[in-house]
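Chain residues, written in single-letter form:
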Amino acid sequence: AAERLADPALGPAVVVYLDDDLDQTRLKAVSALEKVGSPAVYGDILARAQRNTNMDKAKTFAMACGHLRIQACEPYLMGLAVGAQAGPTLAATYRALGRIGSRRAVSVLVKALAAGFDKGRENAVEALLLIQDPAAAAAAGTAARTRRIRNSTNSITPAFRVVYISKSIIRPPIITISSCG
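1. Structural notes on the overall build of the chain
Point 1. Across its full length, the chain holds 10 helices and 4 strands.
Point 2. The helix and strand sequence of the chain, counted from the amino end, reads α-α-α-α-α-α-α-α-α-α-β-β-β-β.
Point 3. Out of the 181 residues in the chain, the part that is buried amounts to 43%.
Point 4. For the chain, contacts bridging at least 24 residues in sequence account for 52% of all contacts bridging at least 6.
Point 5. Entry remark: accessible area of the chain is about 9,600 Å², with carbon and sulfur atoms responsible for 56%.

In structure tokens:
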């Protein structure tokens, strides 16, 4: 209901559901918070995230930080990026770092491109492109051009294809990437 009303005053009532035991409830809370747009609860979200010890809930907090683009979450997200095991929490953390435009995360995201975690690698590429930093975009483009996978006939084919790279003097390059296959 909070999503449909889109009233920022509902933020404090919705933020408590980020701690719910049910994953679906937490995801709906993230969606509702994004729609109601209540910056007054951003500090509460970060405080709850920092107190949290459950890695499944950490995924939800990472998503909330990213979807709401809460810059203050950068240290929390960086801690998750270097401390979380490969899985949904780490993948969500990479994407959140991109959404908040964390330039400090570039080196961590570039390292993720070489890791054996496919969803993490995919989200790291997306994050690097979202950061809007020339070095980050170049790293994402290089990864997209050089990443290879084995197909069903055991031959090696590109996993990603760079479709378009803009070259502009005024802004960072824009790289469009599509999956092969």
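There's plenty left to go through after this.
2. Observations regarding the environment of P12
Point 1. Mapped onto the elements, P12 comes out in helix α2 (residues 11–15).
Point 2. Judged by its relative accessible area of 48%, P12 is partly exposed.
Point 3. Taking the C-alpha atoms as reference points, P12 and I45, separated by 33 residues in sequence, lie 9.7 Å from one another.

3. Considerations on the environment of K119
Point 1. As for its placement among the helices and strands, K119 is situated in helix α9 (residues 118–130).
Point 2. Along the sequence, K119 and L90 sit 29 residues apart, while their C-alpha atoms lie 9.0 Å from each other.
Point 3. Once you skip the residues sitting within four places of it in the chain, K119 turns out to touch A91 and R95.
Point 4. Within polar-contact distance, the side chain of K119 engages the side chain of E122 at 3.1 Å.

4. Details of the packing of helix α5 (residues 55–67) against helix α7 (residues 88–99)
Point 1. Two elements in contact, α5 and α7, have axes separated by 8 Å at closest approach and are oriented at 15°. It follows that α5 is roughly parallel to α7 by the angle criterion. Helix-helix and strand crossings are classified by hand; for α5 and α7 the assignment is left-handed. Where α5 approaches α7, its residues M55, D56, A58, K59, A62, M63, G66 and H67 are matched on the opposing element by P88, T89, A92, T93, A96 and R99.
Point 2. Among the residues forming the contact of α5 with α7, the class breakdown is 7 nonpolar, 4 polar and 3 charged.

5. A closer look at the pattern of salt bridges
Point 1. A complete count under the given rule lists 11 salt bridges for this structure.
Point 2. Between D23 and R26 there is a salt bridge; the shortest N-O distance is 3.1 Å. Here R26 and D23 lie together in helix α3 (residues 23–36), a separation of 3 residues that amounts to about one turn.
Point 3. Shared partners join several salt bridges into a network, and the residues in it are D23, R26, D56 and K59.

6. Examining the nonpolar core
Point 1. Counting residues in hydrophobic clusters, the biggest one holds 44 residues, and the most contacted among them are L18, L33, I45, Y76, L77, Y94 and L109.
Point 2. Ignoring any residue separated from it by four or fewer positions in sequence, one finds L33 in contact with G11, V14, V15, L18, S38, V41, I45 and L68.

7. Looking at the packing of helix α6 (residues 74–83) against α7
Point 1. In contact at an axis separation of 9 Å, α6 and α7 are set at 140° when each is read in the N-to-C sense. One way to sum up the angle between α6 and α7 is to call them oblique. Of the two possible hands of crossing, α6 and α7 adopt the one that is left-handed. Contacts between α6 and α7 involve E74, L77, M78, L80 and A81 from the former and T89, L90, T93, Y94, A96 and L97 from the latter.

8. Observations concerning α6
Point 1. Taken together, the buried positions of α6 are occupied by E74, Y76, L77, M78, L80 and A81.
Point 2. Next to the buried residues of α6 lie α4 (42–51), α5, α7 and α8 (106–113).

9. Looking at the confidence of the model for the chain
Point 1. In this model, the chain carries a mean pLDDT of 80, and residues with pLDDT of at least 70 account for 72%.
Point 2. Every residue in residues 147–169 is under pLDDT 50, and counting partners more than four places away or in other chains gives 48 contacts.

Quick notes on the rules
- Residues numbered from 1 in each chain as written.
- Predicted model: local features only at pLDDT ≥ 70, side-chain atom pairs only at ≥ 80, totals over all residues.
- Heavy atoms only, no water.
- Helix = DSSP H or I, 4+ residues; strand = E, 2+ residues; numbered from the N terminus.
- Buried < 20%, exposed > 50% of the residue type's maximum accessible area, 1.4 Å probe, protein only.
- Contact = heavy atoms within 4.5 Å.
- Areas by Shrake-Rupley, 256 points an atom, 1.4 Å probe, with all protein chains shown as cover.
- Polar contact = N/O pair within 3.5 Å; in protein donor to acceptor, adjacent residues only side chain to side chain.
- Axes fitted to C-alpha atoms, helices over the stretch in contact; angles between N-to-C directions.
- Parallel < 35°, antiparallel > 145°, perpendicular 65-115°, else oblique.
- Left-handed = near helix turned anticlockwise from the far one by under 90°.
- Nonpolar A, V, L, I, M, F, W, Y, C, P; charged D, E, K, R; others polar.
- Salt bridge = Lys/Arg side-chain N within 4 Å of Asp/Glu carboxyl O.
- Core = buried A, V, L, I, M, F, W, Y, C linked by side-chain atoms within 4.5 Å.
- pLDDT = per-residue confidence, 0-100.

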